[in-house]
Amino acid sequence: MPKFNKILAIETSCDDTSVAVVDAKGFVISMEAANQDKDHALYGGIVPEIASRNHTYTLLPLVTRVIGKAKLQIKQIDGIAVTNRPGLIGALIVGITSAKSLAMSLNIPLIGVNHLEGHLLAPFLQDDTYTPPAEFDFPFLALAVSGGHTSLYIAHDLGKYEIIGRTKDDAAGEAFDKFAKILGFEFPGGVKIDQLSQGGDPEYFHFPRGMINDRSLDMSFSGMKSAGLRYIQSISEEEKNKNINSICASFQEAIVDTLVGKLDLAYKKYRLKSIVLTGGVSANSRLRSKTLDWANKRKLTLAVPPLRYCTDNAAMIGIAGIRRLNRGESSDMAMGPLPDYLKSDFINEY
Ligand code: KG4
Ligand code: ZN
C-alpha cells in the first residue's frame, strides 16, 4: 500500500492556473483550470505580471472546486505537489506560496516538481476516458513541443531524463504564433493556422525546414518565421486572402516535417519502441496524423496524451509529485522558485 494515496497538485509556472487531485496510480480524480489567453491576447504574448496577478485571483477558488469535485475533504489529502521550476518567477511564487501554506496548515509533505518532468510523465496519467497504451513504458523517446519549449528526450526511468536535442532558437509553437501574428491573427494563433490549413495544399509554397539535413537532433524554427514574413511581404493582400488555406498548410507542413524528421532521426539513433508526443502543439492535427503514420510504419507504440494533459496542467505535476513522495522524497519549506532547471534534473548537460 503506498504511503501517499491522494495528493493535491498545483501548476502556475506560466499563464495557466491548474489544480488537480491525483492518486498513486496516476488516476486524475479531478482537475480544474483557468485559462488567461484573453487577458494576454491584447499584448500579442504573455505578460508576466498579468499572469501572476491572475493566478492570485483564481488559484484558491480552483482548490476549493477541485476538492469538491473529487468529493473529498481537504484533510483527506496526503501531500501537496507544486511546480517550482522552470517558469516565470512571479507566477511560480503564487503557486509555491499557496502550496506551502496548505502543506503547513494541513501538516502534510510538500514536493517541488520540475515542470518538464510533468510533461514527460503525462502519458502515464489515467482517467475515465484515457489510459496509456498497454505496451507503453520506460524507457521512451519523447518529443515535447509547446509555445515555450521544443525538445527531444529519452526518459530512462522516473527521475532519469536525458535531453538529446532541442531548438536552437524559437519553439515550434512560437513559430506558429509568430506566423499567425504576421497574418493578422490573435495570440496564440497556432490553432488558427491548423484550422485554416484544412483543405489547403501543403505543397503550395516551400518554406525552409531548419536544420533538417543536420545530423544532430537539434532544431531551428526562426528561419522559417523570417521566410514566412518575407513571403507575406512579397505577395499582395488579395493573393494572400485567396490562398490563405494553402499558405497556412505550407507553413504548417514545414514545421511538422522538421519535427517528425527529427523524431525519426532520434529513433534511428536510439531504437526505443515507446514514443510520446506532448506539449500544446501536439494538438495540431497534421502533427498528430503524421506522427501516428510514422509510428505505425515503424511499428512503434505512440502515446499522445489527451490535450488536457499535453498543455500545461496540474495532473502531470501530480503524477510526478506522488511518484516522488512515494519513493521517500519531499521538499523543504524553504523551497523557492527557480527560473531554470536544476542541474540534477537531467542526467546530461546540454
Ligand atoms: O503547452 P502550451 O499550452 O503552453 C506552453 O507554451 O507551455 O502550448 C501552447 C502552444 C501555443 O504556441 C499554441 O499556438 C500552440 O501550442 N498550439 C497549436 C495548436 N494548438 C495550440 N499550434 C498548432 N496547432 C494547434 N492546433
Ligand atoms: Zn509546459
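Here, every reference points to the structure presented above.
Because the structure is predicted, anything quoted here is derived from the model rather than measured.

Asker: Could you give an account of the overall build of the protein, with specific residues and numbers?
Answerer: Counting secondary structure elements, the protein contains 12 helices and 10 strands. Here the C-alpha atoms of the protein give a radius of gyration of 20 Å, agreeing with the 20 Å that 2.2 N^0.38 yields for 350 residues. Within the span of the protein, comprising 350 residues, buried residues form 55% of the whole. Residue pairs in contact within the protein that sit at least 24 positions apart in sequence constitute 75% of those at least 6 positions apart. If you sum the accessible surface of the protein, you get close to 15200 Å²; carbon and sulfur atoms cover 52% of it. In the protein, which carries 39 positive and 39 negative side-chain charges, the distance between the mean positions of the two groups comes to 4 Å.

Asker: Account for the nonpolar core, with residues named and values stated.
Answerer: If you look at the biggest cluster of nonpolar residues, it comprises 44 residues, and the most contacted ones within it are L141, I255 and L259. Mapped onto this core, the elements with two or more residues apiece are strand 6 (140-145), strand 7 (150-157), helix 5 (172-182), helix 6 (190-197), helix 7 (222-234), helix 9 (244-270), strand 9 (274-278) and helix 10 (285-297). The contact partners of I255, leaving out residues within four places of it in the chain, are A172, A175, F176, F221 and M224.

Asker: Help me get a handle on the packing of aromatic side chains, residues and values and all.
Answerer: This model, assessed by the stated rule, comprises 14 aromatic pairs. With 5.9 Å between their ring centres and 70 degrees between their planes, F179 and F207 make a pair best called edge-to-face. With F179 in helix 5 and F207 in the loop between helix 6 and helix 7, the pair connects residues that are 28 residues apart, well separated along the chain. Its relative accessible area of 0% is what places F179 among the buried residues. A relative accessible area of 0% means that F207 is categorised as buried. Clustering of aromatic rings is evident, with ring pairs tying together F179, F205, F207, Y231 and F251. Over the aromatic face of F185 sits the side chain of K192, whose NZ or CZ is 5.4 Å from the ring centroid. A cation sits over an aromatic face here: R323 above F124, 4.7 Å from the ring centre.

Asker: Run through the coordination of the zinc ion (ligand 2), naming residues and quoting values.
Answerer: Protein ligation of the zinc ion (ligand 2) involves H115 (NE2), H119 (NE2) and D312 (OD), the donor distances falling in the range 2.1 to 2.2 Å. Read in sequence order, the donor residues coordinating the zinc ion (ligand 2) give the pattern H-x3-H-x192-D. Of the two residues, H115 sits in helix 4 (residues 115-121) while D312 sits in the loop between helix 11 (307-310) and helix 12 (314-326), which places them 197 residues apart along the sequence.

Asker: Residue-level account of the sheet that holds strand 6, with values.
Answerer: Reading across the sheet, the five strands line up as 8-7-6-9-10 and stay open at both edges, with mixed pairing between neighbours. Strands at the two margins of the open sheet, each flanked by one partner only, are strand 8 (160-166) and strand 10 (301-303). Strand-to-strand twist in this sheet, taken as the mean axis angle between neighbours without regard to direction, amounts to 25 degrees. Alignment of strand 6 against strand 7, held across six bridges, turns out to be antiparallel. Across the sheet, residue F140 finds its bridge partner in strand 7, namely A155. Docked against the sheet, helix 10 engages strand 6, strand 9 and strand 10, running at close to 175 degrees with respect to strand 9.

Asker: Account for the site of ligand 1, with residues named and values stated.
Answerer: Taken together, 16 residues lie around ligand 1, and G147, D177, D194, G280 and N284 are the ones closest in. In the environment of ligand 1, an oxygen atom lies 2.5 Å from a nitrogen or oxygen atom belonging to the side chain of D177. Burial of ligand 1 by the protein amounts to 85% of the accessible area it has alone, namely 550 Å². For the shell around ligand 1, a count of residues per class yields five nonpolar, eight polar and three charged.

Asker: Just give me the short version of the sheet that holds strand 5 (residues 110-114), but keep the residues and values in it.
Answerer: The strand order across the open sheet formed by five strands is 3-2-1-4-5, and the pairing between neighbours is mixed. The sheet terminates laterally at strand 3 (28-34) and strand 5, the two strands that pair on one side only. When the angles between neighbouring strand axes are averaged without regard to direction, this sheet yields 20 degrees. Pairing geometry for strand 4 (residues 79-85) and strand 5, over five bridges, is parallel. Bridge pairing in strand 5 places R85 opposite N114. Its contacts with the sheet put helix 12 on strand 1 (6-11), strand 2 (17-23), strand 3, strand 4 and strand 5, and the angle it makes with strand 1 is roughly 130 degrees.

Asker: Now, about the pairing of strand 7: what can you tell me, with residues and values included?
Answerer: Note on strand geometry: in a regular strand, side chains alternate between the two faces of the sheet. Of all eight residues in strand 7, six are buried, a share of seventy percent or more. The loop that links strand 6 with its antiparallel partner strand 7 comprises four residues. Two strands pair when backbone bridges link them, and strand 7 and strand 8 are joined in this way by six bridges, in the antiparallel orientation. Bridge pairing in strand 8 places S151 opposite R166. In textbook terms, the turn of a hairpin is the stretch between consecutive antiparallel strands, and for strand 7 and strand 8 this stretch comprises two residues, one of which, G159, has a positive phi near 85 degrees.

Reading the values: rules and limits
Numbers given for residues are sequential positions, taken from 1 along each chain in its written order. Note on labels: chains are lettered from A, ligands numbered from 1, in written order. Residues qualify for local features only when their pLDDT is at least 70, as the model is predicted, and side-chain atom pairs are given and counted only at 80 or more; totals for whole chains, interfaces and linings, by contrast, use all residues. Note: side-chain values were computed over all heavy atoms of the structure, leaving out hydrogens and water. Numbering of helices and strands runs from the N terminus; a helix is a DSSP stretch of H or I covering at least four residues, while a strand is a stretch of E covering at least two. We compute the radius of gyration from the C-alpha atoms alone; for a globule the expected value is 2.2 Å times N to the 0.38, where N is the number of residues. Buried means the residue's accessible area, taken with a 1.4 Å probe over protein chains only, is under 20% of the maximum for its type, while exposed means over 50%, and partly exposed covers the values in between. Contacts between residues were defined by any pair of non-hydrogen atoms, one from each residue, lying within 4.5 Å. Exposure was quantified through the Shrake-Rupley algorithm and a 1.4 Å probe, taking into account, for residues, occlusion by the shown protein chains and nothing else. In this tally, Lys and Arg are treated as positive and Asp and Glu as negative; His is ignored, and so are the chain termini. By convention, charge coordinates are those of NZ in Lys, CZ in Arg, CG in Asp, or CD in Glu. Only buried residues count toward a nonpolar core, which is a set of Ala, Val, Leu, Ile, Met, Phe, Trp, Tyr and Cys residues joined through side-chain atoms within 4.5 Å. Only the six-membered ring of Trp is used, alongside the rings of Phe and Tyr, when aromatic pairs are assigned; centres must lie within 6.5 Å, and planes under 30 degrees apart are stacked while those over 60 apart are edge-to-face, with the rest tilted. For a ring to carry a charge above it, either NZ of a lysine or CZ of an arginine must fall within 6 Å of the ring centroid while also lying within 35 degrees of the normal to the ring plane. Water is not part of the atom set, so a site may look incomplete; the donors themselves are N, O and S atoms within 2.8 Å of the metal, or 3.2 Å for Na, K and Ca. Should DSSP find at least two bridges between two strands, the strands are regarded as paired. For helices, the fitted line uses only the C-alpha atoms of the stretch in contact; every axis is such a line through C-alpha atoms, and the angle between N-to-C directions lies from 0 to 180 degrees. Proximity is defined per residue: if any heavy atom of the residue lies within 4 Å of a molecule or strand, that residue is considered near it. Identification of polar contacts relies on pairs of N or O atoms within 3.5 Å, with a donor-acceptor requirement for protein atoms, meaning one able to donate a hydrogen and the other able to accept it, and with residues adjacent in sequence counted only if both atoms are side-chain atoms. By the convention adopted, Pro, Cys, Tyr, Trp, Phe, Met, Ile, Leu, Val and Ala count as nonpolar, Lys, Arg, Asp and Glu as charged, and the other residues, Gly among them, as polar.

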